[in-house]
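Residue strings, one per chain:
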Amino acid sequence: MKIVESLRIALRALVANKMRAILTMLGIIIGVGAVITLLSVGEGVQTYITKQFESIGTNIFFIMPGSFERELDKPAYLTLKDAAALTDTALAPDILRAVPLIQGSGDITVPGEETSTQVNGVTAGYPEIRDWYPADGTFFTEEENQARTRVAVLGKIVADKLFPDDPSPIGKIVRINGVPFRVVGIMEERGGSSFGSEDDVIIVPLNTAMSRLYPYRSSRGEPSISMMYVQAIGEERMEAAITEASEILRERHRIKPGETDDFSIISQSDLIGTFEQITGVLTVFLGVIAGISLLVGGIGIMNIMLVSVTERTREIGLRKAVGARKRDILWQFLIEAMLLSMIGGFIGIALGTMGATIITLFLKSEGFEAIITLGSITLATLFSAAVGLFFGIYPAQRAASLNPIDALRYE
């Protein structure tokens, strides 16, 4: 029997039992749709995270106190003098600038409004190293930082919360933990990031924050900071800049050879690699869960095909009696099983694409886009075909092995 004839008979059998065919394909449809949607979301998450970190700058790395590798025997600190040492061109020719940062939470109040948010104390070089500038007003100067002036630059979310009816609150007074600050600027809207929304923040001069809000000190009594942004002179000099920063801090902190650093240096590539590894594992995990639906759908196909063999026993006997060979019967039922699986797979691909598109529409404002790749479609198509083939073999072999005399006598 020709393949085309087998295909025609399979289609006729499916059309004759439309509802049963649809219910049989449901598991495949759900499984393939879930695989397409989840793989698309996973790919979109990886791209989104990469873009977020690239927005920070490709030649930026971070230095934080403490070690991620092991617990230290003594408290770890970073100080203003550490940051100043990194800008010494004789010691670190590959470092362009280092911006110390102190972080804390603050209760922010104005007459009639209040909120709680993150407060960052930084130096005047912060906008350049972050490539983030005021959309209204100005950023404070290094002179204002040295003079410990009480000025503040608001993130867009904070500005909207505190001054909902004032599009330009420059010159207004806000109180941070009870201390009055004059608003001198509103930062550009940055949107969400992997660490939350960057717009929900207040930025003040570092020296002002240390003296008025967060008087943190190291064990030696020096003003301590939360972290440093360090910028290399170019992306190609990142590794050299990291090495220079590490050597300077080890010497300043009197760390002996073989001892663990009491600071951690994190580059953008480290962060991207870590997040891609996490999202990759999560995507595979979700894909496996979706694949279970395909297996359940495959079992459903096997079950229905066994029922079909029983219902069509006399037909099989008649075909064999008029000359149909064993392989003809085998191909007839195998093609029918694969047809069920493939049609369900194509419908699942359409639904999965639709699901990924809907997710993109809902999260478009956040800059997220589910990415449908040819690889995910190919994987889902091949997997659905394999399911039909695998779960159709046993019913097809059973049909092909029927004795024509017994089949003709079957009631």
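Look a little higher up for the structure.
Keep in mind that what you see is a predicted model, and the values were worked out from it rather than measured. (Residues numbered from 1 in each chain as written. Predicted model: local features only at pLDDT ≥ 70, side-chain atom pairs only at ≥ 80, totals over all residues. Heavy atoms only, no water.)

## A look at the packing of aromatic side chains
Our working definition: Two rings belonging to Phe, Tyr or Trp (six-membered ring only in the last case) form a pair when the distance between their centres is within 6.5 Å. Interplanar angles under 30 degrees mark stacking, angles over 60 mark edge-to-face geometry, and anything in between is tilted. Numbering goes from the N terminus for both helices and strands, where a helix is a DSSP run of H or I of at least four residues and a strand is a run of E of at least two. Residue burial is assigned from relative accessible area. The probe radius is 1.4 Å, only protein chains are included, and a residue is buried under 20% of its type maximum, exposed over 50%, and partly exposed in between.
Within the structure shown, the criterion is met by five aromatic pairs. Here Tyr126 and Trp132 contribute two aromatic rings whose centre-to-centre distance is 6.5 Å and whose plane-to-plane angle is 55°, an arrangement assigned as tilted. Residues Tyr126 and Tyr229 carry aromatic rings whose centres are separated by 6.0 Å and whose planes lie at 70° to one another, so their mutual orientation is edge-to-face. You can see Tyr126 sitting in helix H4 (residues 126-130) and its partner Tyr229 sitting in strand S13 (residues 227-232), a full 103 residues away along the chain. Of the two residues examined, Tyr126 and Tyr229, each falls in the buried class. What links up through ring pairs into an aromatic cluster is the set Phe62, Tyr126, Trp132, Phe139, Phe140 and Tyr229.

## Describing the environment of Phe139
Selection rule: Contact between two residues is taken to exist if any of their heavy atoms lie within 4.5 Å; hydrogens are not considered.
Locating Phe139 in the fold gives a position in the loop between strand S5 (134-137) and helix H5 (142-146). With 15 residues separating them in the primary sequence, Phe139 and Ala124 have C-alpha atoms 7.4 Å apart. For Phe139, the residues in contact, after removing those within four places along its chain, are Val122, Thr123, Ala124, Tyr126, Pro127, Pro134, Val153, Met187 and Ile203.

## Points about the pattern of salt bridges
Side-chain pairs of opposite charge can arise whenever the charged atoms involved come near each other. Rules: Salt bridges are identified by distance alone: a Lys or Arg side-chain nitrogen within 4 Å of an Asp or Glu carboxyl oxygen.
The full count for this structure, using the stated rule, is seven salt bridges. In this structure, Asp160 engages Lys156 in a salt bridge whose closest nitrogen and oxygen atoms are separated by 2.9 Å. Of this pair, Asp160 and Lys156 both sit in helix H6 (residues 156-162), four residues apart, roughly one helical turn. Its relative accessible area of 42% is what places Asp160 among the partly exposed residues. Between Asp166 and Lys172 there is a salt bridge, with the nearest N and O atoms lying 2.6 Å from each other. When its relative accessible area of 36% is taken as the criterion, Lys172 is described as partly exposed.

## Details of the environment of Thr357
Of note, Thr357 is situated in helix H11 (residues 326-363). A relative accessible area of 40% places Thr357 in the partly exposed class. Separated by 14 residues in sequence, Thr357 and Ile371 place their C-alpha atoms 8.9 Å apart.

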